[in-house]
Amino acid sequence: MDNSRIRKYFSSIGLAYSAFAAVTLMVQAAVIFLLRAVGTDVSALGTTARLALSMGSMYLAGFPVFLLLLRRIPRCPVSAEDLRPMTLGQFGICLLICIGVMEGGNLIGNMLMGLTSLFLGRQVDNSVISMVLQGDLIPVILFSAVLAPVFEELMFRRLLIDRIRMFGDRTAIVVSGVLFGLIHGNFYQFFYACGLGMIFAYVYLRTGKVRTTIFLHMCINLLGGVAGTVLLKWISAAGNSVPAALFSTMAMGLYALLLIALAIAGLVLLLCLWNRRYLAAGAFEIPASRRFFTVFLNLGMILFFLICVLQFWMNLN
């Protein structure tokens, strides 16, 4: 397969993800337009309704279109001989590494958005955190810790990697992580989502089990999102009760310290295990000097990048 054919191949993949992002945005815009047309105050919609609109437009409208386009691209599954099941101990190590990458990426994103807020002269809020904090716990758990991991792991690991692993593990890991980070549409989430996406991709490449990455993804979302949300809601609900406020604040402090300790342990493990990683070459391995040009500088990927830039801009404004 020559370089021009590989570029067209990745362009087709980029077009499938572009269709997903575009259809999602159009459906959201259409629903908001219809709600306003019938006199509904969109800004007064509850968090559950906004989560349902976001998830519904992605997984009931965007995902089927994406799947229709991507299924035209042939899969290239790896031989079962090259796969190894993950033990419970290995899962625990991966979880620690994920926590470290999540917290490191979160720190970078918050620092960047802090500088952006200073440059713009106004606070750029983290809309995802605001939505989660304002929402009811059950819908938040359902959407962020169950539905999102399932669909995201199918989209960015199984369906994607099974089609690009023939170009080598390095290419598959980078593409999976970058596309996963971009689809989040904001800088608060981009860095840690990109890092986590690469780890999930590596796990999928070594195990061939998407259920493993789904469970890993669920654990991360529960620990990093839902647990913190519960504690913050607890602090808010304490009100003027001094004992309740003190106890909930201490619990939040212990949670933060635990997360920091786990993150440090995860980053140390990542550094210690880095040289033990195994990256298989693909049947059509792309040379490092041509990888970026071949994979990302094509029509489909550029279109996807532009749609994501629009999402980043919308979240800034």
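The structure under discussion appears in the preceding block.
Residues numbered from 1 in each chain as written. Predicted model: local features only at pLDDT ≥ 70, side-chain atom pairs only at ≥ 80, totals over all residues. Heavy atoms only, no water.

1. What about the state of the cysteines?
Reasoning step 1: Evaluation of the coordinates by the stated rule reveals zero disulfides.
Reasoning step 2: With no disulfide of its own, cysteine 98 lies 6.3 Å from the sulfur of cysteine 94, the closest cysteine sulfur.
Reasoning step 3: Of the cysteine sulfurs around cysteine 194, a residue in no disulfide, the closest is that of cysteine 308, at 12 Å. (Disulfide = S-S within 2.5 Å.)

2. Quick word on the layout of surface pockets
The rolling of a water-molecule-sized probe over the atoms marks out the regions of remaining empty space.
Reasoning step 1: Its volume calculated, the second largest pocket comes out at about 980 Å³.
Reasoning step 2: Lining the second largest pocket are 26 residues, and of these Cys94, Tyr202, Leu273, Arg277 and Tyr278 sit closest to its centre.
Reasoning step 3: For the lining of the second largest pocket, the elements supplying multiple residues, two or more each, are helix H3 (88–120), helix H6 (169–183), helix H7 (187–207) and helix H9 (242–273).
Reasoning step 4: The element that contributes the greatest number of residues to the lining of the second largest pocket is H7, accounting for seven residues.
Reasoning step 5: Residue classes in the lining of the second largest pocket are distributed as 17 nonpolar, three polar and six charged. (1 Å grid on protein atoms, 1.4 Å probe; cavity = no way out; pocket = protein on both sides within 12 Å on 5 of 7 lines; lining within 4 Å. Points joined across faces, edges and corners; volume = space filled by probe spheres on them. Helix = DSSP H or I, 4+ residues; strand = E, 2+ residues; numbered from the N terminus. Nonpolar A, V, L, I, M, F, W, Y, C, P; charged D, E, K, R; others polar.)

3. Observations concerning the side chain of glutamate 153
Reasoning step 1: The topology assignment puts glutamate 153 in helix H5 (residues 137–164).
Reasoning step 2: Judged by relative accessible area, glutamate 153 falls into the buried class, the value being 0%.
Reasoning step 3: A distance of 2.8 Å separates a polar atom in the side chain of glutamate 153 from a polar atom in the side chain of arginine 157.
Reasoning step 4: Discounting chain neighbours no more than four positions away, the residues touching glutamate 153 are Arg158, Phe200, Val210, Thr213, Ile214 and His217. (Buried < 20%, exposed > 50% of the residue type's maximum accessible area, 1.4 Å probe, protein only. Polar contact = N/O pair within 3.5 Å; in protein donor to acceptor, adjacent residues only side chain to side chain. Contact = heavy atoms within 4.5 Å.)

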